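Chain by chain, the residues run as shown.
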Amino acid sequence: MQKESAIIDLLSAQQRAWRARFPALANRVHQTIIGYLCTRGRGGVPVRQIYGVTKELYLLDDATVRERVEDIERLGLCVATPREAKLTGRTIVTPTEGLLSTFDTFLLAVADEMQGAMRHIDPSLSGSAPAALQDRDRGTILQVFDTYALAWLAGADQFLTDQNLSPARRTEARRRLTSTSYWILMHRAMEHADHLRRGMAGEDSLVADQLAASVLDQTGQSFQTIRDHISWLISQGLLDRAPGRVLRVSLARAAAGYFDDTLRQTAAEVADAAQRLGMGRLDGTRGWPRAAGTDADALEQTIRISAPGEDAPAEPRVFHWLEVVSPATAATRVALSDSPLVIGRARPAQVLLPDGAVSRAHCQVAVVGDDVVVTDLGSTNGTFIDGQRIDGTVPLTEGGSLRVGPYGLAYKREIVP
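Residues numbered from 1 in each chain as written. Predicted model: local features only at pLDDT ≥ 70, side-chain atom pairs only at ≥ 80, totals over all residues. Heavy atoms only, no water.

A. Looking closely at unusual backbone geometry. The step from Thr81 to Pro82 runs through a cis peptide bond, and the omega angle for that step is -10°. Relative to the helices and strands, Pro82 resides in the loop between strand E2 (78-81) and strand E3 (92-95). A cis amide bond, omega -5°, links Ser326 with the succeeding residue Pro327. As for its placement among the helices and strands, Pro327 is situated in the loop between strand E7 (317-326) and strand E8 (332-336). The backbone phi angle of Asn164 is positive, close to 65°, even though this residue is not glycine. Along the polypeptide, Asn164 turns up in the loop between helix H6 (135-162) and helix H7 (167-177). If you check the backbone angles, Asp386 has positive phi at about 50° while not being a glycine. (Helix = DSSP H or I, 4+ residues; strand = E, 2+ residues; numbered from the N terminus.)

B. Structural view of the packing of aromatic side chains. Applying the stated criterion across every chain yields a total of eight aromatic pairs. Ring centres of Trp18 and Phe106 lie 5.2 Å apart, and the angle between their planes is 85°; on these two criteria the pair is classed as edge-to-face. Of this pair, Trp18 sits in helix H1 (residues 2-21) while Phe106 sits in helix H5 (residues 97-121), and the two are 88 residues apart along the sequence. Side by side, Trp18 and Phe106 carry an identical accessibility label, which is buried. (Phe/Tyr/Trp six-rings, centres within 6.5 Å; stacked < 30°, edge-to-face > 60°. Buried < 20%, exposed > 50% of the residue type's maximum accessible area, 1.4 Å probe, protein only.)

C. Inspection of the pairing of strand E6 (residues 248-251) at higher detail. Across two bridges, strand E4 (residues 206-207) lies against E6 in antiparallel orientation. The residue bridging Val207 from the neighbouring strand is Arg248, located in E6. Taken together, the four bridges between strand E5 (residues 239-242) and E6 define a ladder with antiparallel strand orientation. Within E6, the residue paired with Asp240 across the bridge is Ser250. (Pairing = 2+ DSSP bridges.)

D. Expanded view of the sheet that holds E3. Read across the open sheet, the three strands follow the order E1-E3-E2; overall the sheet is antiparallel. Because the sheet does not close on itself, it has two edges, and the strands there are strand E1 (45-46) and E2. Bridge count for E1 against E3 is two bridges, and the pairing is antiparallel. Across the sheet, Val45 pairs through a bridge with Val93, a residue of E3.

E. Highlighting the environment of Val325. With respect to the helices and strands, the residue Val325 is situated in strand E7. Given a relative accessible area of 48%, Val325 falls into the partly exposed group. Separated by 85 residues in the primary sequence, Val325 and Ala410 place their C-alpha atoms 6.8 Å from one another. Leaving out residues up to four positions away in the same chain, Val325 has contacts with Gly408, Leu409 and Ala410. (Contact = heavy atoms within 4.5 Å.)

If you want it as structure tokens, here you go:
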């Protein structure tokens, strides 16, 4: 259980580091938005782009997402352009230099904690955390916690499925479990269970009122609301109630195994992240080397999407697009720029095509001058342009077709005066 314990400690340290630097932004949605602004949105992003990032994990409506962005703006951590009475999907949000600096300080603290965790996960890893962060490093650190969040939800969903919960009730359960108070409650229960295993806990359960009070300090919710959340977790079988007059709870034994699997997945991601951050092995081998003169790995770069409302140059602008045309159920339109856009089955790809025939990082598309070029990233099943499998980097002409697994994409361009 050494790996699982290392991840529990890392998650607790990450939460402490966040509270120390962003005490007024305890909501997990705040964390996700700030993480996005300080990595993929450093030059500014439209609010509508943030909708997609948050909806994937939290199932929130647009109005709620705008409220969370406004919370960040009120603290002077981002600038909205143009600033009108209310934010809209077209509003461009740009992080301030103060936010970028504070966020990097937070990530460096987390990187130090990751260094300690990886010694327990893989003793062959050695080295130190980076002294300063590049774009690739920021994405690498955040990927660890993205992996945990998604794997944790998958574990919880599988547990509830095995309890014969209907799809509708599982959707409602996911909505609850992604909220800050439920998330903290479950993490405290998992942390307590781990401390029991290590002989570090004085009691075999937690006093519910004390647990609620500790969550109250972080979320600002009412005491009774958090007590209700604890009752709900008990009713779903995620927490066990201990016998006695005083309500005491602990992580449900029936659910513990599902979350141990999540911790093991995250441990594998930490080991991979350690390699990416340059924490080499004792035998002298290193993780992904960084090309000379570059700050970011191609897989970690992201696009800057032009949005209505931005100042347009005097000369005509050329917009490049990829449209997923088949299957029809996957239809979508993606803007291209000179920053490479990775298409793949899973993050860190920016365009996700969820099919087993698509590699995790399948191919890369970018605008070079007036042309669009496609690079196969060593995909298992190949990347095809106009029906021909490509090797290396190949131009994609206007109206040309790109095939990635079962998905067909068409390239189009648009000139706007």
